[in-house]
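The lines below spell out each chain.
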Amino acid sequence: MLPLSSLIHALSASPVLHRLPSTWNPDHTPAELPPHVLEFMSCRLGVSQDCVQSLWTAIGAWIWTEGTTILADDPREDGPADGWVTQESDRFLSEHMLYPPTRVCTDPACADHGHILRLWDAPTSVQVFTMTRGAYNAHAVHLTCKRCKAIYYPNYVVRDDIRQYFIGIPDHIQVSGHKYIERAVLEHFTMLAVLSWTSFTNSAHIYHRSMGNLANNLPEDSRFCLQGAHVSDGFVVLALLRDCHDRGQVLEVPHGGHQKDRFIAAMRARTQRIQRAGQPEQAHWCTKCLRRFDDPDGVTRYVDCIITDGIDVGRPCCGVHNCRQELRTPQDRWCAGHQRWELFCVVDGCSVPHRLGYRTCELHTAVEEHYVAASKAIFTLRARLQRAQVAHPTDAIAPDAAIDEDIETEMPGPCPSKTAEGNQRVRARFGRRRTHNEQLIVRPCGIITSRETFYGAESVPQVVDMIKKKHIIPGSMPRYVWYDNNCGLYKYCAARAGERLHLDIGLPVDVFHWKCKHKKTDIECSYHCNPHLFQELLKDDNNWFFNSSRAEQTNVWFGGYHAIVREMGAVKYEFYLDEMILQKNRLTVIKLEQEGCIPGYRADLRFQTAHD
């Protein structure tokens, strides 16, 4: 017996409508079913085509107008898919059909605007990965406007080789030519990444082992194997669609080319917006990060602060110090503008071409020999760990530890490219240079407002520049900035003519660092950056009002992404970390609401968000 939902799927408006003339009024129920629908239903119900037509005459109007509502209330939608669905016995119909959300051409410039779209080609057989029903086969339908030649797919319309995604976020998101992942599944994968640092590959494994609900004869079918690349693309598409939905815009990407390159421009555009304006929570305030303070003279003021700190998370970058140009691939050592350096010896400061088949020149042979010996030592140690039955030897000793490290060694003779004082010890870089760290700006409540990649080092000038750039809007600069090296920051600002940052804001040092890691003999440490100097930071019981260690606590969470992002390209790296921060902030806001901290936004800064 064919379930009611399957009957409605096959007889509802979409399978029938697009075989009718384009001038047909969609509100009118056709009197007769198309031959392919009659044949399909006759086979499924085990009755004659005349009987199917009689059934349509009796209840067709009801199914035509109410079919979508009936399917939405069908409890079977939460159960496993029926076995017959995977047989693909019909080229045009199956129980699970993915249709474009529109029935008519939506291009105002088209002469057939508002006319019914046509089904010219057979639907594409696809696999759908869902949360509650597992993985199953379905048909994805693409419809065509015969006038403007636009092709409407379940997620987007293609015009002039440009994909224009439909407004809103679909229930099923296409991640490859023949695979769709349910939105709920992608939301689940995103939360796994935010809360437990789960990689794309591991998310795919989790789904395959615990959520696929495949029959015994299907697990080895490659069509039903979700790959890390599918999860990655689904993650990107969902994040971009959410971003466009929040801004009231339409996501547009190229239709041609490789899948890995299709969303690069859109990802880069969102990253640049966030770099200019900060995270959407840039204008956040709550009772944990904003304090009302009454001066002794009775004047009421509001005090807020931020904490900044660096975390050792990075990606491959150009081998030239502080070069910010993107690499062509993460495996490259030089950007396009510095490719000529590939010809020279890898020893720092040496400008002699390297030997054929080697990485060093004749004078630095010993350095390369030392590098080769160190690499062999790493592999030997890893083999010993394996024999000792260590569960994850590649986690204990990174597989490329010797490759990506600087090599230092003693040189027996002088180096012609170095001064006499510096020719006894040299440094060489045989592997790729990596960005130095990620610098976060965090509010005491845990909201992350900004992130920036530091290339050469976590230097004071870069921190000063970041603080200024992220608070360029008048009135957005916080009253206090906590930083471990505020004494150095104060010295740097005081030594620069015309610099007022150290005069306009307070620069206290975290109490723990001030007690244990700062010289009390320096005027900057003992006075200018002494946290006890700023009474508005103290509560009546002499405890600190703000949590000045919040950045270091946040770094514990953020550092969990080190292994996930270390081999990503620049665009994907920036996009992924920004999305993790965005989702983390949303969870933090929910927690603050539950704690009664009244989270909100400063009205005068609300426009300074990633959505603008």
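Summarised in this report is the structure supplied together with it. Nothing here was measured: the structure is a model prediction, and the numbers come from that model. (Residues numbered from 1 in each chain as written. Predicted model: local features only at pLDDT ≥ 70, side-chain atom pairs only at ≥ 80, totals over all residues. Heavy atoms only, no water.)

A few points about the overall build of the protein
In plain terms, the rule: Only DSSP runs of H or I with at least four residues qualify as helices, and only runs of E with at least two residues qualify as strands; both kinds are numbered from the N terminus onward. Between buried and exposed lies partly exposed: a residue is buried under 20% and exposed over 50% of the maximum accessible area for its type, with that area taken using a 1.4 Å probe on protein chains only. What makes two residues a contact is simply this: any of their non-hydrogen atoms within 4.5 Å. Using a 1.4 Å probe, accessible areas were evaluated by the Shrake-Rupley method; residue-level cover was limited to the displayed protein chains.
In terms of helices and strands, the protein carries 19 helices and 21 strands. Put simply, the protein has 612 residues, and 51% of those count as buried. For the protein, contacts bridging at least 24 residues in sequence account for 65% of all contacts bridging at least 6. Entry remark: accessible area of the protein is about 29,400 Å², with carbon and sulfur atoms responsible for 54%.

Regarding the packing of aromatic side chains
Worth spelling out the cut-off: Aromatic rings from Phe, Tyr and Trp, taking only the six-membered ring of Trp, are treated as a pair when their centres fall within 6.5 Å; an angle between ring planes under 30 degrees marks them as stacked, one over 60 as edge-to-face, and anything in between as tilted. Charges are assigned to positions over rings by a cutoff of 6 Å between ring centre and Lys NZ or Arg CZ, combined with an angular limit of 35 degrees from the ring normal.
Under the defined criterion, the tally for this structure stands at 16 aromatic pairs. When the centroid spacing of 5.1 Å and the interplanar angle of 35° are considered together, the rings of Y153 and Y156 count as tilted. When sorted by exposure, Y153 lands in the same class as Y156, which is buried. With centroids separated by 5.1 Å and ring planes inclined at 70°, the aromatic side chains of Y480 and F534 adopt a geometry described as edge-to-face. Taken together, the residues Y480 in strand β20 (residues 480-482) and F534 in the loop between α16 (523-528) and α17 (550-558) connect sequence positions 54 residues apart. Like F534, Y480 is buried. Clustering of aromatic rings is evident, with ring pairs tying together F200, F235, W557, F558, Y561 and Y576. A cation over a ring is seen here: R315 above Y573, with NZ or CZ 5.5 Å from the ring centre. The side chain of R355 reaches across the aromatic face of Y358, ending 4.1 Å from its centre.

Let's talk about a nonpolar patch on the surface
Rules: Exposure above 30% relative accessible area and the lack of any salt bridge qualify a residue for a patch; like charges then connect within 9 Å, and the nonpolar side chains Val, Leu, Ile, Met, Phe, Trp and Tyr within 5 Å. Salt bridges are defined by distance alone: a side-chain nitrogen of Lys or Arg within 4 Å of a carboxyl oxygen of Asp or Glu.
On the surface, a nonpolar cluster with roughly 250 Å² of combined accessible area is contributed by L195, L587 and I590. By the element assignment, I590 lies in helix α19 (residues 570-594). Look at I590 and you get partly exposed, because its relative accessible area is 43%.

Observations concerning the side chain of R159
For R159, the position within the fold is in strand β6 (residues 156-159). For R159, a relative accessible area of 17% corresponds to the buried category. Apart from residues no more than four positions distant in its own chain, R159 is found in contact with T106, D107, A150, Y152 and Q164.

A few points about the pattern of salt bridges
Taken as a whole, this structure holds 28 salt bridges when the rule is applied. Between D332 and R328 there is a salt bridge, with its nearest N and O atoms 3.6 Å apart. The residue R451 makes a salt bridge to E438 at a minimum N-O spacing of 2.7 Å. Here R451 is found in strand β19 (residues 448-454), whereas its partner E438 is found in strand β18 (residues 437-442), with 13 residues between them in sequence. Salt bridges linked by common partners bring R183, E187, R242, R270 and E579 together as one network.

A short note on the sheet that holds strand β7 (residues 162-165)
For clarity, the cut-off: DSSP bridges decide pairing: two strands pair if at least two such bridges lie between them.
The strand order across the open sheet built from 5 strands is β4-β5-β6-β7-β10, with neighbouring strands paired in antiparallel fashion. Every other strand in the sheet has two partners, leaving β4 (143-144) and β10 (252-254) as the edge strands with one partner each.

What to know about the environment of W62
Here W62 lies in helix α4 (residues 49-72). The spacing of W62 and T29 is 33 residues in sequence and 9.2 Å in space, taken between C-alpha atoms.

Some words on the packing of helix α6 (residues 200-210) against helix α7 (residues 228-247)
Threshold: To get an axis, a line is fitted to the C-alpha atoms, and for a helix only the part in contact is used. The angle between two axes follows their N-to-C directions and goes from 0 to 180 degrees. Note on terminology: angles under 35 degrees are roughly parallel, angles over 145 are roughly antiparallel, angles of 65 to 115 are roughly perpendicular, and the others are oblique. In the scheme used here, Gly and all other residues not listed as nonpolar or charged are polar, with Ala, Val, Leu, Ile, Met, Phe, Trp, Tyr, Cys and Pro taken as nonpolar and Asp, Glu, Lys and Arg as charged.
One way to put it is that α6 packs onto α7 with a least axis distance of 7 Å and a crossing angle of 110°. Taken as axis vectors, α6 and α7 run roughly perpendicular relative to one another. For the pair α6 and α7, the contacting residues are F200, T201, S203 and A204 in the first and G228, V231, S232 and F235 in the second. For the contact of α6 with α7, the per-class residue count stands at 4 nonpolar, 4 polar and no charged.

Observations concerning the sheet that holds strand β8 (residues 172-176)
Spatially, β1-β3-β2-β9-β8 is the arrangement adopted by the 5 strands of the open sheet, whose pairing is mixed. The open sheet has two edge strands with one neighbour each: β1 (97-98) and β8. Most of the contacts of α7 go to β8, to which it runs at about 130°, and overall it touches β8 and β9 (179-182).

Here we look at unusual backbone geometry
One non-glycine residue, N322, lies in positive phi territory at about 70°. Relative to the helices and strands, N322 is located in the loop between β14 (316-317) and α10 (365-387). If you check the backbone angles, I598 has positive phi at about 50° while not being a glycine. Inspection of the secondary structure puts I598 in the loop between α19 and β21 (600-601).

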